[in-house]
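Descriptive analysis of the structure
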Amino acid sequence: QHNVVIAGAAVELKGEQLNVAKISESGKKQRKNWTSMWTVLTSDQLLFYKDKQQETGQKSGGKTDVVQLGGALIEWTTEKSSRKNVFQITTNTGSEYLLQVENHSTASKWHDAIKRAIDSSTKA
Ligand code: I3P
């Protein structure tokens, strides 16, 4: 089996503060608790850090959440929050995250990049 890299399809978005609420863990509903997280997208994972200093290792502690994007689903939602520009990521292990940012084009940029990462890291 070969790893196929499609030119131009590589996905990497620099970190940004996004509002994140994990609403399910392994299919079990969680209490919604919006938190501002320093979010980094790689080709197949979404990483949530408490802040940028934690990503660069200048500061330890705090929990980093790693979301595997292979087999995940992403969709905009207007029903799961009263906030605007909210999209949901559902992982293939049944965890659900809501992501939100006030600026619409910033939200779209993240949604689209995450969708590309999901598509390219999901095996056919
Ligand atoms: C929740 C909090 C969330 C809100 C949620 C509330 O209350 O206000 O911000 O979600 O609404 O239940 P609490 O802090 O007491 O848990 P949104 O901001 O996304 O609307 P919800 O129950 O309708 O999801």
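What counts and how
- Residues numbered from 1 in each chain as written.
- Predicted model: local features only at pLDDT ≥ 70, side-chain atom pairs only at ≥ 80, totals over all residues.
- Heavy atoms only, no water.
- Helix = DSSP H or I, 4+ residues; strand = E, 2+ residues; numbered from the N terminus.
- Buried < 20%, exposed > 50% of the residue type's maximum accessible area, 1.4 Å probe, protein only.
- Contact = heavy atoms within 4.5 Å.
- Near = heavy atom within 4 Å.
- Polar contact = N/O pair within 3.5 Å; in protein donor to acceptor, adjacent residues only side chain to side chain.
- Areas by Shrake-Rupley, 256 points an atom, 1.4 Å probe, with all protein chains shown as cover.
- Nonpolar A, V, L, I, M, F, W, Y, C, P; charged D, E, K, R; others polar.
- Salt bridge = Lys/Arg side-chain N within 4 Å of Asp/Glu carboxyl O.
- Expected span 1.5 Å × (residues − 1).
- pLDDT = per-residue confidence, 0-100.
- Pairing = 2+ DSSP bridges.

**Quick notes on the overall build of the chain**
In terms of helices and strands, the chain carries 2 helices and 8 strands. If you list the helices and strands of the chain from N to C, you get β-β-β-β-α-β-β-β-β-α. Buried residues in the chain amount to 41% of all 124 residues. Nonlocal contacts in the chain, meaning residues at least 24 apart in sequence, comprise 48% of its contacts between residues at least 6 apart.

**Let's talk about the site of the ligand**
Lining the immediate surroundings of the ligand are Arg31, Lys32, Trp34, Ser81, Ser82 and Arg83. With respect to the ligand, the side chain of Lys32 contributes an N or O atom lying 2.4 Å from an oxygen atom. The fraction of the free accessible surface of the ligand (500 Å²) that becomes covered by protein chains is 45%. For the shell around the ligand, the class distribution of residues is 1 nonpolar, 2 polar and 3 charged.

**Section: the pattern of salt bridges**
Inspection of every chain in the model, using the stated rule, returns 5 salt bridges. Put simply, Lys115 and Asp119 hold a salt bridge, and the shortest N to O gap is 3.5 Å. A residue pair is termed a helical-turn pair when its members lie 3 or 4 positions apart in one helix, as Lys115 and Asp119 do in helix α2 (residues 104–121) at 4 residues. Ionic contacts of the salt-bridge type, sharing partners, join the residues Lys22, Glu25 and Asp65 into one network.

**Some remarks on α2**
Taking 1.5 Å as the rise per residue, α2 with 18 residues should run 26 Å; its terminal C-alpha atoms sit 26 Å apart, in good agreement. Inspection of α2 places Thr106, Ala107, Ser108, Trp110, His111, Ala113, Ile114, Ala117 and Ile118 among the buried residues, and these make up the whole buried set.

**Comments concerning unusual backbone geometry**
Of note in this structure, Ser26 is not a glycine but carries a positive phi near 50°. Relative to the elements of secondary structure, Ser26 occurs in the loop between β1 (13–25) and β2 (28–29). Residue classification places Ser26 among the exposed residues on the basis of a relative accessible area of 54%. Its identity is not glycine, yet Asn85 carries a phi of approximately 60°, on the positive side.

**Points about the confidence of the model for the chain**
For the chain, the mean per-residue pLDDT works out to 88, and 86% of the residues sit at or above 70. In the predicted structure, residues 1–10 sits below a pLDDT of 50 and forms 1 contact with residues beyond four places in sequence or in another chain.

**What about the pairing of strand β7 (residues 86–90)?**
Along β7, 5 of the 5 residues are buried, which leaves the element largely enclosed by surrounding structure. Where burial is concerned, the two faces of β7 agree: the one with Val86, Gln88 and Thr90 and the one with Phe87 and Ile89 are both buried. Sheet topology note: the strand β6 (residues 73–76)/β7 ladder contains 4 bridges and is antiparallel. Across the sheet, residue Glu75 finds its bridge partner in β7, namely Gln88. In this structure, β7 lies alongside strand β8 (residues 96–100), joined through 5 bridges in antiparallel fashion. The residue bridging Val86 from the neighbouring strand is Gln100, located in β8. If you look at the hairpin formed by β7 and β8, you'll find 5 residues sitting between the two strands, and Gly94 has a positive phi there, around 85°.

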